[in-house]
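# Survey of secondary and tertiary structure
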Amino acid sequence: MSATDAREVRRPWLPAPLAAHGFDADSVQALSYVLVDEQVDDAVTVTVLPWPAADGSGRLRFDDLASAREIGLSLKALRAELYKGWLGRRPRVGDVFAATLSPEARAALETQRELAWERPLAELVDGPVYDLSAEARMAAKLAFYAGVAAVHDAEDAQAWQMLDQADTSAGPAPVRSELPGRTEGAAGG
């Protein structure tokens, strides 16, 4: 397969930790890619994108950037409702989560490119939230280094035993099954 052909191949990105939770190439596409994109004082912007594809070389591809939406949140709410008691770190730019948006949030984002969310985060998502920060950072690093490194052929990959090896080292992605603060009668509740 030529480099051009590899760039044209698309399959849903299925990182090993999501596969360990039972996701497959079809079901993972129902998730949204949620990126902590910006933080200024107590204001955080989260960018929500359709689930990415991986090309034939394994690089993430966001083919529908026109569907990207921004959600404004308070850092205090994000920390208290998503990070506290689950992740051993503070929110940081570049953190990535996989989640299903609530029907109400999806409807609001269909008509608005930017949305200020002042309600509980549990009403923003419908179900579990998966932390994919490590996997997304690794994908970004690999894409960067692929852009600046030499290209090796299949013969080199075979010699280095890099072909057709499944990643079995990763366990399931950290998951928060439910966010605190869901109000009675909220979507999915």
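Before going into details, it helps to say that this report is about the structure given with it. (Residues numbered from 1 in each chain as written. Predicted model: local features only at pLDDT ≥ 70, side-chain atom pairs only at ≥ 80, totals over all residues. Heavy atoms only, no water.)

## Focus: unusual backbone geometry
- For Asp-41, which is not glycine, the phi torsion reads 55 degrees and is therefore positive.
- Here Asp-41 lies in the loop between β2 (32-40) and β3 (43-50).
- Given the relative accessible area of 71%, Asp-41 is considered exposed. (Helix = DSSP H or I, 4+ residues; strand = E, 2+ residues; numbered from the N terminus. Buried < 20%, exposed > 50% of the residue type's maximum accessible area, 1.4 Å probe, protein only.)

## Some remarks on a negative patch on the surface
- A surface patch of like charges, here negative, comprises Asp-37, Glu-38, Glu-70 and Glu-114.
- Tracing the sequence through the fold places Glu-70 in strand β6 (residues 69-74).
- Looking at Glu-70, the relative accessible area reads 32%, which means it is partly exposed. (Patch = residues over 30% accessible without salt bridge, like charges linked within 9 Å, V, L, I, M, F, W, Y side chains within 5 Å. Areas by Shrake-Rupley, 256 points an atom, 1.4 Å probe, with all protein chains shown as cover. Salt bridge = Lys/Arg side-chain N within 4 Å of Asp/Glu carboxyl O. Lys, Arg positive; Asp, Glu negative; His and termini not counted. Charge placed at Lys NZ, Arg CZ, Asp CG, Glu CD.)

## What to know about the packing of aromatic side chains
- Counted by the stated rule, this structure contains eight aromatic pairs.
- Between Tyr-33 and Phe-62 the ring centres are 4.9 Å apart and the planes differ by 70 degrees, which places this aromatic pair in the edge-to-face class. Note that Tyr-33 is positioned in strand β2 and Phe-62 in the loop between β5 (60-61) and β6, a separation of 29 residues in sequence.
- On the basis of an interplanar angle of 90 degrees and a centroid distance of 5.8 Å, the ring pair of Tyr-83 and Phe-97 is categorised as edge-to-face. Remark: Phe-97 occurs in strand β7 (residues 96-101) and Tyr-83 occurs in helix α3 (residues 75-83); sequence separation between them is 14 residues. Both residues of the pair, Tyr-83 and Phe-97, belong to the buried class.
- Ring pairs connect the aromatic residues Trp-13, Tyr-33, Trp-51 and Phe-62, which therefore count as one cluster. (Phe/Tyr/Trp six-rings, centres within 6.5 Å; stacked < 30°, edge-to-face > 60°.)

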